[in-house]
Number of protein chains: 2
Amino acid sequence: MSLLVVGSVAFDAIETPFGKTDKIVGGSGSYISIAASYFTKNTNIVAVVGGDFGQTNIELLQRHGVNTDGLQIKENEKSFFWSGKYHNDMNTRDTLVTELNVLEHFDPIIPEAYQSCEFLMLGNLAPAVQQMVIERLETRPKLIVMDTMNFWMDIALDDLKNTLKMVDVLSINDEEARQLSGEYSLVKAAKKIISMGPQYLIIKKGEHGALLFSKDQIFFAPALPLEDVFDPTGAGDTFAGGFIGYLASTRDTSFEGMKRGLIYGSAMASFCVEKFGTERIVNLSDSEVQERVQEFVDLVQFEITYN
Amino acid sequence: MSLLVVGSVAFDAIETPFGKTDKIVGGSGSYISIAASYFTKNTNIVAVVGGDFGQTNIELLQRHGVNTDGLQIKENEKSFFWSGKYHNDMNTRDTLVTELNVLEHFDPIIPEAYQSCEFLMLGNLAPAVQQMVIERLETRPKLIVMDTMNFWMDIALDDLKNTLKMVDVLSINDEEARQLSGEYSLVKAAKKIISMGPQYLIIKKGEHGALLFSKDQIFFAPALPLEDVFDPTGAGDTFAGGFIGYLASTRDTSFEGMKRGLIYGSAMASFCVEKFGTERIVNLSDSEVQERVQEFVDLVQFEITYN
């Protein structure tokens, strides 16, 4: 039930209508592994940071039981840095700064002790790097989940298509699904994308929930209606972390199991947006998580009896 | 279990990326009463048409068991006419023509035989007309559901607020909920709107489903992901018709009952968008309806077992 997470571990500076932050811990790998830590106690990360990242931030991951042996520290370089500003609707944002820094030449070295990982979560990174990770694993994991974004569809589509053939589950948002498939209807988009390789497709729709597609099944997980969305940064990665963490803990990769994973992922994402960055998801109790999952149950469950 | 539907019975001319129609039967009253007819066999309509509407179109309603004694025919006037063109995303449309015609001086006369109706569905009409209907009923119905739109918030807000105090359930879309409440968050919007009168609020989000709010409960009904949305005209009214028709048939106005009503309404709306106008919803079999409801069950139901 061990989980390997590969992604960025980085600094973000975020501005929302509610306020702004200095450099705080961000990156797909951070959100995924922290969210997963609430479900599986055996999470291993492969990522790269600069000398500026600091021991305190590494300890944040370690406090969540994340094995950081695969976290490379480039002492004389700087960590990946992203800065963005959200518009008033919180659904759109402008990227203010993107500094690749250590990510520019990231070589994902897999520690020997990670080789037996049964679950692999490829957070958003260059598709060629994601592919390299898969190729470097001596045994194919039981389940490979890949996240990506429109940026790679724009500049590395062939790499992306190659990597897609090697994974089990792809996780993208609705606009990315439309871009990748050339179809507006998400049902049609899903069919096309599943024919490109992955057996399952998750389409994230932000405040409108998430869809899980297999070749012949569809499941919908709602987003929790919230009074305030404070900061959406990392919600998609937190969702992915809850999803893969739950699957790694149950080892149930059936469609029914994935449905539950979607609900757990959605619950974790609903916490993420309540505060800046990782602030909310680093301090959750197990009972808070279970209560939140129960809110999802109450939100969508109903009983139909046919006359 | 009798249902009174008040709304427009009219002509629409619709253009979508898939084609265009001549004048076809439309109007909130038509969609609502046809959709409701799949659940309750005792539906009574109050509406007004012109001499141009024609006996064949009236018989369409009658064939669905709708009592048209309250359908006024103004022989020398013309029926309400709306024409619109949908954009490629099918989520936005331009109104090309609105001719009020008979609706301009609509006096909703309630036939004596309708007085005992237990369920009242006020389709989109001037709020002052909706209020007049409530005032003309000698016994208050068990449940009053009201639909409205942004147009009335723009030109008749005071009337709308007065009518809101007299109804049990308000049904509007997300943008209208934001406009009426002045709140962007739908959770905050719902609180404000419920404090304005109705005990329950339904917020329709089109392809993103619908939310049902009470003072302290929330339920979410998804929309069915479809390969093609052919024509969204009337989907909100069809939803309302399925909702109130189901409630009238079960007489269960509890929150649990309304949850089921939302699912039946959503199922009916998912049929509506598959063809132009009322074309799809006039020819459904009961088994098609039940199978569609089962698709909703399959779409959102999951089982969580806590460890």
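The shown structure was predicted, so the numbers you read here are calculated from the model rather than taken from an experiment.

Novice: I keep staring at the overall build of chain A and nothing clicks. Help me out?
Specialist: A count of helices and strands for chain A gives 10 helices and 14 strands. Compactness check: chain A gives a C-alpha radius of gyration of 18 Å against a globular reference of 19 Å for 307 residues, within 12% of the reference. Based on the C-alpha atoms only, the size of chain A along its principal axes is roughly 70 × 45 × 35 Å. In chain A, which comprises 307 residues, the proportion classed as buried is 60%. Within chain A, counting contacts between residues at least 6 apart in sequence, those at least 24 apart form 65% of the total. In the structure as shown, chain A presents an accessible area of about 12,200 Å², 47% of it carried by carbon and sulfur atoms.

Novice: When you look at helix α3 (residues 127–136) of chain B in this model, what are you seeing that I'm missing?
Specialist: Quick reminder: α-helices carry 3.6 residues per turn. Residues three or four places apart thus point the same way. Regarding α3(B), the residues found buried are B:Pro127, B:Val129, B:Gln130, B:Gln131, B:Val133 and B:Ile134. Where α3(B) is buried, its residues meet β1 (3–6), β9 (119–122), β10 (143–147), α4 (150–155) and α5 (157–164) of chain B.

Novice: Help me understand the pattern of salt bridges, please; the structure alone is not making it clear to me.
Specialist: Opposite charge on two side chains makes pairing possible when the charged atoms of those side chains draw close. Applying the stated rule across the entire model yields 32 salt bridges over all chains. A salt bridge links B:Asp107 to B:Arg136, with the shortest nitrogen-to-oxygen separation between them at 2.6 Å. Of this pair, B:Asp107 sits in the loop between β8 (93–99) and β9 while B:Arg136 sits in helix α3, and the two are 29 residues apart along the sequence. The exposure class assigned to B:Arg136 is partly exposed, which follows from its relative accessible area of 32%. One connected set of salt bridges, linked through shared partners, spans A:Glu274, A:Arg280, A:Glu288, A:Arg292 and A:Glu295.

Novice: Help me understand the interface of chain B and chain A in this model?
Specialist: Often, the extent of an interface is quoted as the loss of accessible area upon association of its parts. On the chain A side, the residues contacting the 37 residues of chain B number 37 residues. Among the ionic pairs, A:Lys191 bridges to B:Glu227, the shortest N-O distance being 2.4 Å. Inspection of the region where chain B meets chain A yields 18 residue pairs in polar contact (both at pLDDT 80 or more). Among the secondary structure elements, those contributing two or more residues to the side of chain B that touches chain A are α7 (186–194), β14 (218–221), α9 (255–272) and α10 (286–300) of chain B. Tallied by class, residues from the side of chain B that touches chain A come to 19 nonpolar, 6 polar and 12 charged.

Novice: Can you walk me through the packing of helix α1 (residues 28–36) of chain B against helix α8 (residues 235–250) of chain B in this structure?
Specialist: Helices that pack against each other are described as a pair by the angle of their axes relative to one another and the distance between those axes. Residues and elements named next belong to chain B. Contact geometry of α1 with α8 gives a least axis separation of 7 Å together with a crossing angle of 40 degrees. Judged by the angle between their axes, α1 and α8 are oblique. By crossing handedness, the relation of α1 to α8 is classed as right-handed. Two secondary-structure elements touch here, α1 through Ser28, Tyr31, Ile32, Ala35 and Ala36 and α8 through Asp237, Thr238, Ala240, Gly241, Gly242, Ile244 and Gly245. Taken together, the residues of the contact of α1 with α8 sort by class into 6 nonpolar, 5 polar and 1 charged.

Novice: I keep staring at unusual backbone geometry and nothing clicks. Help me out?
Specialist: Both trends apply: most residues other than glycine have a negative phi, and most peptide bonds are in trans. All names here are of chain A. Its identity as a non-glycine residue notwithstanding, Asn101 has a phi of 50 degrees, on the positive side. Here Asn101 lies in the loop between β8 (93–99) and β9 (119–122). We classify Asn101 as partly exposed; its relative accessible area is 24%. If you check the backbone angles, Arg251 has positive phi at about 60 degrees while not being a glycine. Relative to the elements of secondary structure, Arg251 occurs in the loop between α8 (235–250) and α9 (255–272).

Novice: I would appreciate a short explanation of the UniProt feature "domain: Carbohydrate kinase PfkB" (unreviewed entry) in chain A in the present structure.
Specialist: Following the UniProt record, one finds the feature "domain: Carbohydrate kinase PfkB" (unreviewed entry) at residues 5–279 of chain A. Secondary structure across residues 5–279 of chain A comprises 34% helix and 26% strand; the distance between its end C-alpha atoms is 20 Å.

Novice: What's the story with the side chain of A:Lys205 in this structure? I'm lost.
Specialist: Topologically, A:Lys205 is positioned in the loop between β12 (200–204) and β13 (210–213). Buried A:Lys205, no salt bridge; nearest opposite-charge side chain is B:Glu207, N-O distance 5.5 Å. Contact partners of A:Lys205, with chain neighbours within four places excluded, come to A:Asp174, A:Leu186, A:Ala210, A:Leu211, A:Phe220, B:Glu207 and B:His208.

Novice: I keep staring at the environment of A:Leu125 and nothing clicks. Help me out?
Specialist: All names here are of chain A. Position of Leu125 relative to the elements: it lies in the loop between β9 and α3 (127–136). Taking relative accessible area as the criterion, Leu125 reaches 6% and is therefore assigned buried. Remark: the alpha-carbon pair of Leu125 and Asp107, spanning 18 residues in sequence, is separated by 11 Å. Beyond its immediate chain neighbours, meaning those up to four positions away, Leu125 contacts Val6, Gly7, Ser8, Leu103, Phe106, Gln130 and Trp152.

Novice: Explain the relation of the copies chain B and chain A to me, please; I cannot follow it from the model alone.
Specialist: The transformation that overlays chain B on chain A combines an axial shift of 0.0 Å with a rotation of 180 degrees, and the residual RMSD is 0.0 Å. In the structure described here, the two chain copies are related by an operation that fits a two-fold rotation axis. Mapped onto chain A, 100% of the interface residues of chain B are again interface residues, and the two copies thus contact each other with one and the same surface.

Novice: Help me understand the packing of α8(B) against α9(B), please; the structure alone is not making it clear to me.
Specialist: Residue and element names in this part refer to chain B. For the pair α8 and α9, the least separation of the axes is 7 Å and the interaxial angle reads 140 degrees. When the axis of α8 is compared with that of α9, the two are oblique. Classified by chirality, the crossing of α9 by α8 is right-handed. Every residue of α9 that contacts α8 at Ala235, Thr238, Phe239, Gly242, Phe243, Tyr246 and Leu247 is listed here: Gly257, Met258, Arg260, Gly261, Leu262, Tyr264, Gly265, Ser266, Met268, Ala269 and Cys272. Grouping the constituent residues of the contact of α8 with α9 by class yields 11 nonpolar, 6 polar and 1 charged.

Novice: Teacher, can you tell me more about the sheet that holds strand β10 (residues 143–147) of chain A here?
Specialist: Strands pair in a sheet through their backbones, by hydrogen bonds, and they do so in one of two ways: parallel or antiparallel. Residue and element names in this part refer to chain A. If you walk across this open sheet you meet the 9 strands as β6-β5-β1-β9-β10-β11-β12-β13-β14, and the pairing is mixed. In this open sheet, the two edge strands, each paired with only one partner strand, are β6 (66–74) and β14 (218–221). Neighbouring strand axes in the sheet, compared pairwise and without regard to direction, differ in orientation by 15 degrees on average. Helix α6 (residues 174–181) contacts β11 (169–173) and β12 of the sheet and is inclined by roughly 110 degrees relative to β11.

Calculation criteria
- Residues numbered from 1 in each chain as written.
- Chains lettered and ligands numbered in written order.
- Predicted model: local features only at pLDDT ≥ 70, side-chain atom pairs only at ≥ 80, totals over all residues.
- Heavy atoms only, no water.
- Helix = DSSP H or I, 4+ residues; strand = E, 2+ residues; numbered from the N terminus.
- Rg over C-alpha atoms; globule rule 2.2 N^0.38 Å.
- Buried < 20%, exposed > 50% of the residue type's maximum accessible area, 1.4 Å probe, protein only.
- Contact = heavy atoms within 4.5 Å.
- Areas by Shrake-Rupley, 256 points an atom, 1.4 Å probe, with all protein chains shown as cover.
- Salt bridge = Lys/Arg side-chain N within 4 Å of Asp/Glu carboxyl O.
- Polar contact = N/O pair within 3.5 Å; in protein donor to acceptor, adjacent residues only side chain to side chain.
- Nonpolar A, V, L, I, M, F, W, Y, C, P; charged D, E, K, R; others polar.
- Axes fitted to C-alpha atoms, helices over the stretch in contact; angles between N-to-C directions.
- Parallel < 35°, antiparallel > 145°, perpendicular 65-115°, else oblique.
- Left-handed = near helix turned anticlockwise from the far one by under 90°.
- UniProt positions renumbered as here; feature names shortened; annotations may be inferred.
- Lys, Arg positive; Asp, Glu negative; His and termini not counted.
- Least-squares fit on C-alpha atoms with pLDDT ≥ 70 in both.
- Pairing = 2+ DSSP bridges.

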